[in-house]
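These are the residues of each chain, in order.
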Amino acid sequence: MTPAKVQLSFTRLTSPIDGVVGIRQIDVGNIISPSTANGLVVVTQIDPISLIFTLPETNLSQIQQQQQKTNAPLAVLAYSQDDTTLLDQGVLGLVNNEILQTTGSIQLKANFPNKSRRLWPGELVNARLLVDTRHNGLTVAASAVQQGPNGAYVYVIDPNNTVESRPVKVAQISGGQVLIDFRSQGQ
């Protein structure tokens, strides 16, 4: 290699990771050295990408039980901020080792392949952790479930076209829908 080529090779910087380059932090004419704190640019990896989200600490035991039961990573779905678009599907990578005392929540980290680059660093998204799948479940609008002195109930139209109230056990509420738990009612 000629001395000119060696000198020229010192003018090229290569990132150790694949990613997206942000706005340059050094302008033409600035003097930089190896000890420059901010560097030239920030390179952010987006393929794959990780997402940190929180859930109430009351969900922790259910998550742990399902992880032990399946012995496989749980699926995590990332939706747009308005909950209308599925951005990507990933897997749960980590459950933090402590409860956040200020909020009563647990932090979780999910990893996404992000091949289509629909997830972006710093973007506000809604994460849904898929803990269990119930087949043939009955869901009703959340507004249909009423609360009475004996607990939750719904109004049902019977075959005679009359209305009666029936007690129900709510298994889960999500997105304005209620999953009715029949397992605990013996049906």
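## So, the overall build of the protein chain
When its secondary structure is counted, the protein chain shows 2 helices and 13 strands. For a compact globule of 187 residues, the expected C-alpha radius of gyration is about 16 Å, and the protein chain comes in at 26 Å, more than 25% above that figure. Dimensions of the protein chain, computed from the C-alpha atoms along their principal axes, are close to 95 × 30 × 30 Å. Split into buried and exposed, the 187 residues of the protein chain put 20% on the buried side.

## Section: the packing of aromatic side chains
Within this structure, the stated rule accounts for 1 aromatic pair. Relative to Tyr155, the ring of Tyr153 has its centre 5.5 Å away and its plane inclined at 85°; by these criteria the two rings are edge-to-face. Given a relative accessible area of 21%, Tyr153 falls into the partly exposed group. The exposure class assigned to Tyr155 is exposed, which follows from its relative accessible area of 56%. Sitting over the face of the ring of Tyr79, Arg128 holds its NZ or CZ atom 4.2 Å from the ring centroid.

## Regarding the nonpolar core
Core analysis: the largest hydrophobic core is formed by 19 residues, its most contacted members being Phe53, Leu92, Phe112 and Leu129. Elements represented by at least two residues in this core include exactly β3 (49-56), α2 (60-70), β4 (75-79), β5 (86-100) and β6 (105-112). Top element by residues in this core is β6. It accounts for 4 residues. The contacts of Phe53, once residues within four sequence positions are left out, are Val76, Leu92, Ile106, Gln107, Leu108, Ala110, Ala127 and Leu129.

## Some details on α2
An α-helical segment advances 3.6 residues per turn. Residues three or four places apart therefore align on the same side. Within α2 the residues assigned to the buried category are Leu60, Ile63 and Gln66. Down the axis of α2, the buried side of the element spans an arc of 135°, and every buried residue falls inside it. Opposite the packed face of α2, turned more than 90 degrees from it, sit the exposed residues Gln65, Gln68 and Lys69. Residues of α2 that are buried make contact with β3, β5, β6 and β7 (126-130).

Parameters and conventions
Residues numbered from 1 in each chain as written. Predicted model: local features only at pLDDT ≥ 70, side-chain atom pairs only at ≥ 80, totals over all residues. Heavy atoms only, no water. Helix = DSSP H or I, 4+ residues; strand = E, 2+ residues; numbered from the N terminus. Rg over C-alpha atoms; globule rule 2.2 N^0.38 Å. Buried < 20%, exposed > 50% of the residue type's maximum accessible area, 1.4 Å probe, protein only. Phe/Tyr/Trp six-rings, centres within 6.5 Å; stacked < 30°, edge-to-face > 60°. Lys NZ or Arg CZ within 6 Å of the ring centre and 35° of its normal. Core = buried A, V, L, I, M, F, W, Y, C linked by side-chain atoms within 4.5 Å. Contact = heavy atoms within 4.5 Å. Arc of directions from axis to C-beta.

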